[in-house]
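Spelled out from the first residue to the last, the chains are:
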Amino acid sequence: MKKAVYVFNDGQLKRKDNTLCFESAQGKRYVPVEDINELHIFGEVDVNKRLLEFVTEKEIIIHFYNRYGYYSGSFYPREHMNS
């Protein structure tokens, strides 16, 4: 069963090979994408186009929240196999 991952720290989220890498002041942390359904980002996190292409391929939804915890928006990957 896939799960949701919550990010509360500030940092940079990027693709590293075939996994996600979150770099912050505390160091690097790798997140395997096979068991992720969605990401909830509460901190100030930098993302790039390469990461967005990768999460689109893996069908991972990214939800963004502001500094007070209110919902700001989402990145929904395009649908696969749509007719």
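What you see is a predicted model; the values in this text were computed from it and never measured.

Student: How should I be thinking about the overall build of the protein chain in this particular structure?
Tutor: Secondary structure assignment for the protein chain yields 1 helix and 8 strands. Put simply, the protein chain runs from its N terminus to its C terminus through helices and strands in the order β-β-β-β-β-β-α-β-β. A globule of 83 residues ought to have a C-alpha radius of gyration of about 12 Å, and the protein chain, at 13 Å, matches this closely. Projecting the C-alpha coordinates of the protein chain onto the three principal axes gives extents of approximately 45 × 30 × 25 Å. Each charge class in the protein chain can be summarised by its mean position, and for the 12 positive and 12 negative side chains these summaries are 4 Å apart.

Student: I tried to follow the packing of aromatic side chains on my own but got confused; where do I start?
Tutor: Aromatic ring pairs are defined here through the distance separating the ring centres and the angle between the ring planes. Tallied over the entire structure, the rule returns 5 aromatic pairs. Where Tyr6 meets Phe42, the ring centres are 6.4 Å apart and the plane angle is 25 degrees; that geometry is what we call stacked. Of this pair, Tyr6 sits in strand β1 (residues 3-7) while Phe42 sits in the loop between β5 (36-41) and β6 (45-46); the two residues are 36 residues apart in sequence, bridging distant segments of the chain. Judged by centre distance (5.9 Å) and plane angle (70 degrees), the ring pair of Tyr65 and Tyr71 falls under edge-to-face. An aromatic cluster is built from Tyr6, Phe8, Phe42, Tyr65 and Tyr71, whose rings are joined through pairwise contacts.

Student: Looking at this structure, how should I read the sheet that holds strand β4 (residues 27-31)?
Tutor: Consider a sheet: its strands pair through backbone hydrogen bonds, and that pairing is either parallel or antiparallel. In space, the 4 strands of this open sheet follow the order β4-β3-β2-β6, with mixed pairing throughout. Of all strands in the sheet, those with a lone pairing partner are β4 and β6, marking the two edges. Contacting β2 (11-16) and β3 (19-24), helix α1 (residues 49-57) crosses the sheet at an angle of about 60 degrees to β2.

Student: I keep staring at the environment of Phe64 and nothing clicks. Help me out?
Tutor: In this fold, Phe64 is placed in strand β7 (residues 61-65). Aside from chain neighbours lying at most four places away, what touches Phe64 is Ile41, Tyr70, Tyr71, Ser72, Gly73 and Phe75.

Student: So what exactly am I meant to see when it comes to the nonpolar core here?
Tutor: Among soluble globular proteins, nonpolar side chains are generally buried collectively. Judged by nonpolar contacts, the single largest core of 16 residues is most densely connected at Leu13, Leu20 and Leu39. If you list the elements that add at least two residues to this core, you get β1, β3, β5 and α1. Non-local contacts of Leu13, meaning those with residues more than four positions away in its chain, are made with Leu20, Cys21, Phe22, Leu39, Ile41, Val45, Asp46, Val47, Asn48 and Leu51.

Student: I'm lost on the side chain of His63 in this one. Help?
Tutor: Relative to the elements of secondary structure, His63 occurs in strand β7. In contact with His63, not counting residues within four places along its chain, are Glu38, Leu39, His40, Ile41, Tyr71, Gly73, Ser74 and Tyr76.

Rules used throughout
- Residues numbered from 1 in each chain as written.
- Predicted model: local features only at pLDDT ≥ 70, side-chain atom pairs only at ≥ 80, totals over all residues.
- Heavy atoms only, no water.
- Helix = DSSP H or I, 4+ residues; strand = E, 2+ residues; numbered from the N terminus.
- Rg over C-alpha atoms; globule rule 2.2 N^0.38 Å.
- Lys, Arg positive; Asp, Glu negative; His and termini not counted.
- Charge placed at Lys NZ, Arg CZ, Asp CG, Glu CD.
- Phe/Tyr/Trp six-rings, centres within 6.5 Å; stacked < 30°, edge-to-face > 60°.
- Pairing = 2+ DSSP bridges.
- Contact = heavy atoms within 4.5 Å.
- Axes fitted to C-alpha atoms, helices over the stretch in contact; angles between N-to-C directions.
- Core = buried A, V, L, I, M, F, W, Y, C linked by side-chain atoms within 4.5 Å.
- Buried < 20%, exposed > 50% of the residue type's maximum accessible area, 1.4 Å probe, protein only.

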